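Coordinate inspection notes
Residue-level listing of the chains:
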Amino acid sequence: MRSTRRSPLRILPLLGLLAALLLGLTVAPRAAAAPTADAVRIMPLGDSITGSPGCWRAVLWNRLRSAGYTDIDFVGTLPPQGCGQAHDGDNEGHGGELVTNVADQNLLPARLAATLPDIVVMHFGTNDVWSNIAPDRILAAYTKLVQQMRASNPDMKILVAQLIPMNPGNCTACAQRVVDFNARIPDWARATNTSRSPVTVVDQWTGFSTAADTYDGVHPNASGDSKIAARWYPALTALLDAGTPGDPGDPGDPGGGDPACTASFRAVSTWQGGYQGEVTVTNTSGSPVSGWTATVVPAEGVRLTQVWNGSLTTAADGRATVTNAAWNGALAPGANATFGFIATTPATAGTPSAAVSCTVRAATS
């Protein structure tokens with residue numbers, strides 16, 4: 001790297017030049033490694049919280065890379081916007097945008113066509129809530145965007161955030177509007193979810209403080225970036241661990257590999273300090289299976305304590321692994337099995353949410 005700083009001296013002493021070169025090398029962020037052609041393409045989608053500069057993306061990218069998720073590619077029509085650390089900064093976070101405008105003006109299809117994502121990570125709607133747009137209209141925009149995502153990629157995996165809190169000085173009603181809107185998202189997601197293109201709700205609201213985690217009551221500071229990345233991480237890794245259908249030779253392709261499955265989550269009932277949930281595992285391949293294993297990644301601080309119709313193993317970070325019972329492991333093509341569980345939650349927990357994935361074992365002849 002050659003220094004471009006001009007000096008009033010005609011000739012810089014050799015030692016000074018070497019020192020300047022070394023200094024430049026130590027402070028310049030290292031470029032992220034180029035992804036391979038078959039890398040999983042992940043689109044961060046939203047407004048300024050995602051894109052301006054959206055440094056939670058840098059935190060998330062580097063945590064994924066450090067954990068061994070190296071064959072990923074963050075995509076978007078917008079370039080990196082700073083953050084001071086090496087990361088794949090491509091994104092679709094347009095500052096000031098309303099999700100209702102993006103839907104009404106059909107802005108998303110061209111962005112999808114230019115980037116071809118496999119997974120969309122969406123925190124979108126803050127400007128709509130701030131503008132006092134009705135939740136029904138925002139959710140209708142969500143639905144239209146999901147339809148456009150599936151038109152681009154029928155196997156699209158979609159992570160949708162319950163928005164971080166908002167408390168700007170010029171909008172005293174905004175804080176409650178976010179709470180009211182977030183309460184509607186899980187039911188919308190359940191109605192929109194499909195086995196081929198699942199919609200997973202990620203709780204970004206619980207435990208996030210506008211006083212401690214934003215610099216203006218809306219946009220995250222460094223602490224907020226870390227919290228947002230930490231919430232996306234388990235939901236995104238659950239999808240990455242499950243694989244991205246549709247690639248040549250993936251499970252479920254004609255003539256390809258092992259049988260495939262999908263998993264879906266729903267909350268059955270809730271109470272102070274806990275909830276009852278269930279997960280349904282579906283054999284989506286054309287071959288019978290002899291058993292299944294599901295992974296459940298609950299929200300931060302939530303722990304599964306009891307499971308029926310399956311066998312539970314829980315990791316220190318709360319990630320739960322459930323294997324089939326002796327009587328419900330065999331699934332014909334298209335068949336499913338459901339297990340239930342009880343989870344304990346912290347006092348500040350919001351609407352129950354969990355990222356779920358599964359694997360299945362081929363039946364032996």
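Here is a short report on the structure shown in this document. (Residues numbered from 1 in each chain as written. Predicted model: local features only at pLDDT ≥ 70, side-chain atom pairs only at ≥ 80, totals over all residues. Heavy atoms only, no water.)

Turning our eyes to something else, we now look at the overall build of the protein chain. Each helix and strand counted, the protein chain has 10 helices and 14 strands in total. With 365 residues in all, the protein chain has 48% of them scored as buried. With an accessible surface of roughly 16800 Å², the protein chain has 54% of that area assigned to carbon and sulfur atoms. (Helix = DSSP H or I, 4+ residues; strand = E, 2+ residues; numbered from the N terminus. Buried < 20%, exposed > 50% of the residue type's maximum accessible area, 1.4 Å probe, protein only. Areas by Shrake-Rupley, 256 points an atom, 1.4 Å probe, with all protein chains shown as cover.)

Our next topic: the nonpolar core. Among the nonpolar cores identified, the biggest contains 64 residues, and Tyr142, Leu145 and Met149 are the most heavily contacted of them. Looking at this core element by element, the count peaks at nine residues for helix α10 (residues 222-242). One finds Val281, Ala299, Ala337 and Ala354 within the second-largest nonpolar core, a separate group that totals 26 residues. (Core = buried A, V, L, I, M, F, W, Y, C linked by side-chain atoms within 4.5 Å.)

The next thing to look at is the sheet that holds strand β10 (residues 303-308). Sheet strands line up and pair through hydrogen bonds in the backbone, either parallel or antiparallel. Within the open sheet, the four strands sit side by side as β7-β8-β13-β10. Their pairing is antiparallel. Two strands close off the open sheet at either side, each with one partner strand: β7 (261-271) and β10. Geometrically, the sheet is characterised by an average inter-axis angle of 25° between neighbouring strands, direction not taken into account. Here five bridges tie β10 to strand β13 (residues 336-344), and the two strands are oriented antiparallel to one another. Following the sheet pairing, glutamine 306 is matched in β13 by isoleucine 342. (Pairing = 2+ DSSP bridges. Axes fitted to C-alpha atoms, helices over the stretch in contact; angles between N-to-C directions.)

Let us now look at the state of the cysteines. Applying the stated criterion to the full structure yields three disulfides. Covalently, cysteine 55 is tied to cysteine 83 through a disulfide, its sulfur atoms 2.1 Å apart. Between cysteine 55 and cysteine 83, the S-S torsion sits near -100°, and that sign places the bridge as left-handed. Of this pair, cysteine 55 sits in the loop between α2 (48-51) and α3 (56-66) while cysteine 83 sits in the loop between β2 (72-74) and β3 (92-93), and the two are 28 residues apart along the sequence. Looking at cysteine 55, the relative accessible area reads 15%, which means it is buried. Cysteine 171 shares a disulfide with cysteine 174; S-S distance 2.0 Å. Judged by the torsion about the S-S bond (90°), the cysteine 171/cysteine 174 disulfide is right-handed. If one numbers only the bonded cysteines of the protein chain, in the order they occur, the disulfide pattern is 1-2, 3-4, 5-6. (Disulfide = S-S within 2.5 Å.)

This next bit is on the side chain of glutamine 204. Its location among the elements puts glutamine 204 in the loop between β6 (199-203) and α9 (210-213). Judged by its relative accessible area of 2%, glutamine 204 is buried. Of the polar contacts made by the side chain of glutamine 204, one reaches the backbone oxygen of isoleucine 228; its length is 3.1 Å. Leaving out residues up to four positions away in the same chain, glutamine 204 has contacts with His123, Ala161, Gln162, Leu163, Ile164, Pro165, Lys227, Ile228, Arg231 and Trp232. (Polar contact = N/O pair within 3.5 Å; in protein donor to acceptor, adjacent residues only side chain to side chain. Contact = heavy atoms within 4.5 Å.)

Attention shifts here to the sheet that holds strand β12 (residues 320-324). Taken in spatial order, the four strands make up an open sheet running β11-β12-β9-β14, and their pairing is antiparallel. Of all strands in the sheet, those with a lone pairing partner are β11 (310-314) and β14 (354-362), marking the two edges. Between one strand and the next, the sheet's axes are offset by a mean angle of 20°, whatever the strand orientation. Summarising the sheet, β11 and β12 pair through five bridges and their orientation is antiparallel. Within the sheet, the bridge partner assigned to serine 311 lies in β12 and is threonine 323. Seen against the sheet, α10 touches β9 (289-298) and β14 and runs at an angle of roughly 15° to β14.

Across four bridges, β9 lies against β12 in antiparallel orientation. Within β12, the residue paired with threonine 295 across the bridge is threonine 321. Between β11 and β12, which follow one another and run antiparallel, lie five residues, and glycine 318 among them has a positive phi close to 95°.

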